[in-house]
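If you want the building blocks of each chain, they are given just below.
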Amino acid sequence: MEKRIVDVVVLSDVHLGTYACRARELLIYLRSISPRLLILNGDIIDGWQFSKHYFPPEHIQVIQEILSFLSKGTRVIYITGNHDESLRRYADMQVGNFQLADKALIEINGSVTWVFHGDVFDHTSRNPARMLSRLGSNGYALLLGFNKMINRISRFFGKEKVSFAKSVMNQFNKRFVKIEKFEELVAGLAIEKDYDCVICGHIHEPKKRRISNDKGSVMYLNSGDWVEHLTTLEYHSNDWHLYTFDQVVEKSVKMKRERPDTQVIPVDIDVYLDTRLPRATGTNG
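As the structure is a prediction and not an experimental result, all values here were calculated from the model. (Residues numbered from 1 in each chain as written. Predicted model: local features only at pLDDT ≥ 70, side-chain atom pairs only at ≥ 80, totals over all residues. Heavy atoms only, no water.)

Asker: How should I be thinking about the sheet that holds strand 11 (residues 231-236) in this particular structure?
Answerer: Across a sheet, strands are paired by hydrogen bonds formed along the backbone, either parallel or antiparallel in direction. Sheet architecture is open: 7 strands sit in the order 4-5-3-2-1-11-12, paired in mixed fashion. Looking along the sheet, the strands with just one partner apiece sit at the ends: strand 4 (93-95) and strand 12 (239-244). Each strand axis lies, on average, 20° off the axis of its neighbour in the sheet, ignoring direction. With 3 bridges connecting them, strand 4 and strand 5 (residues 98-101) associate as antiparallel partners. Counted as the bridge partner of glutamine 94 is glutamine 99 from strand 5. Across the sheet, helix 1 (residues 23-30) touches strand 1 (4-11), strand 2 (33-41) and strand 11, and the angle it forms with strand 1 is around 140°. (Pairing = 2+ DSSP bridges. Helix = DSSP H or I, 4+ residues; strand = E, 2+ residues; numbered from the N terminus. Axes fitted to C-alpha atoms, helices over the stretch in contact; angles between N-to-C directions. Contact = heavy atoms within 4.5 Å.)

Following this line, the structure appears as structure tokens:
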């Protein structure tokens, strides 16, 4: 498969180290793209359910694939989430092309995008609901494992796959997280800060929608997850696109255009991209 050239990729909620993670599909996706900037937007490695007894080769290969991006000149920003919150003590660390942070600001063609995981705006991930959230996460992981087994049986008998886990997550989000309120809260803060776009993960609900209030409007995007929806956000052709695994696998035609140079702005903006600038050929950076 030819690699598709994209400017920015935002990937979240991979949950490496759990039975729920779809690492094999993620490897196919990562090997299909050539990004200028890769943002890992939280919950990449699941510290809540991590076990030294379960970290299969495909999960290790995902990490190796990300490291290979670094070696080829791709800049990688790892934004911490609630499941990998132990990394937050090391936020603002930068080594070469790799940066660890709690949030990031990206300016693309003059448009400013605010990126963070989103758990700080979810009351179910904070005390006193924190323990219940952990228990719910463990139960969700078990349900996903059961779901995989049921779908294997369904495929054997030629039946369509079902998703009990997605139904449960949808009901949880509707009753407790209240997705619409979450999105409006995040969008409202982005509008106050005068940003053009805001990107979250966390709630496993892929989305691209414009949200407006009496103070203005902002483009709200959510990268979804890699346990159920298998979605990611890509910026190319001067716009954000929400991709699913099936779409990416089918679309194997390489985008024939030059990739932009990257300039790091030390104050406020973490990364500046201008996709309209011509780029010299024969370079990986």
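Next comes the rest of the account.
Asker: Honestly, the side chain of glutamate 25 in this entry has me stumped. Any pointers?
Answerer: Here glutamate 25 lies in helix 1. With residues up to four places along the chain from it excluded, the contact list for glutamate 25 reads Trp226, Leu230 and Phe245.

Asker: Before we go on, may I ask you to explain the pairing of strand 7 (residues 111-116) in this structure?
Answerer: The buried count for strand 7 comes to 5 of 6 residues, which makes it a mostly enclosed element. Bridge count for strand 6 (residues 103-108) against strand 7 is 6 bridges, and the pairing is antiparallel. Residue alanine 104 lies in a different strand from strand 7, and its bridge partner there is valine 115. The turn joining strand 6 and strand 7, which pair antiparallel and follow one another in sequence, is formed by 2 residues; a positive phi near 50° is taken by asparagine 109. Bridge count between strand 7 and strand 8 (residues 197-200): 3 bridges; the pairing is parallel. Paired with tryptophan 114 across the two strands is valine 198, which belongs to strand 8. (Buried < 20%, exposed > 50% of the residue type's maximum accessible area, 1.4 Å probe, protein only.)

Asker: What exactly am I supposed to notice about the nonpolar core here?
Answerer: One broad trend across soluble globular proteins is that nonpolar side chains are buried collectively. Ranked by size, the top nonpolar core spans 25 residues in total, and within it Val14, Leu26, Tyr29, Leu30, Leu40, Val62 and Trp226 carry the most contacts. Core analysis: the next-biggest nonpolar cluster, separate from the first, contains 19 residues, Val10, Ile77, Ile106 and Ile199 among them. (Core = buried A, V, L, I, M, F, W, Y, C linked by side-chain atoms within 4.5 Å.)

Asker: Would you take a moment to explain a nonpolar patch on the surface for this structure?
Answerer: A cluster of nonpolar residues, Tyr90, Met93 and Val95, forms a patch on the protein surface that exposes about 290 Å² of accessible area. The residue valine 95 is located in strand 4 in this model. (Patch = residues over 30% accessible without salt bridge, like charges linked within 9 Å, V, L, I, M, F, W, Y side chains within 5 Å. Areas by Shrake-Rupley, 256 points an atom, 1.4 Å probe, with all protein chains shown as cover. Salt bridge = Lys/Arg side-chain N within 4 Å of Asp/Glu carboxyl O.)

Asker: Before we go on, may I ask you to explain the environment of leucine 40 in this structure?
Answerer: Within the secondary structure, leucine 40 is located in strand 2. With 37 residues separating them in the primary sequence, leucine 40 and isoleucine 77 have C-alpha atoms 6.1 Å apart. Once residues within four sequence positions are removed from consideration, leucine 40 is found in contact with Leu11, Ile66, Val76, Ile77, Tyr78 and Ile79.

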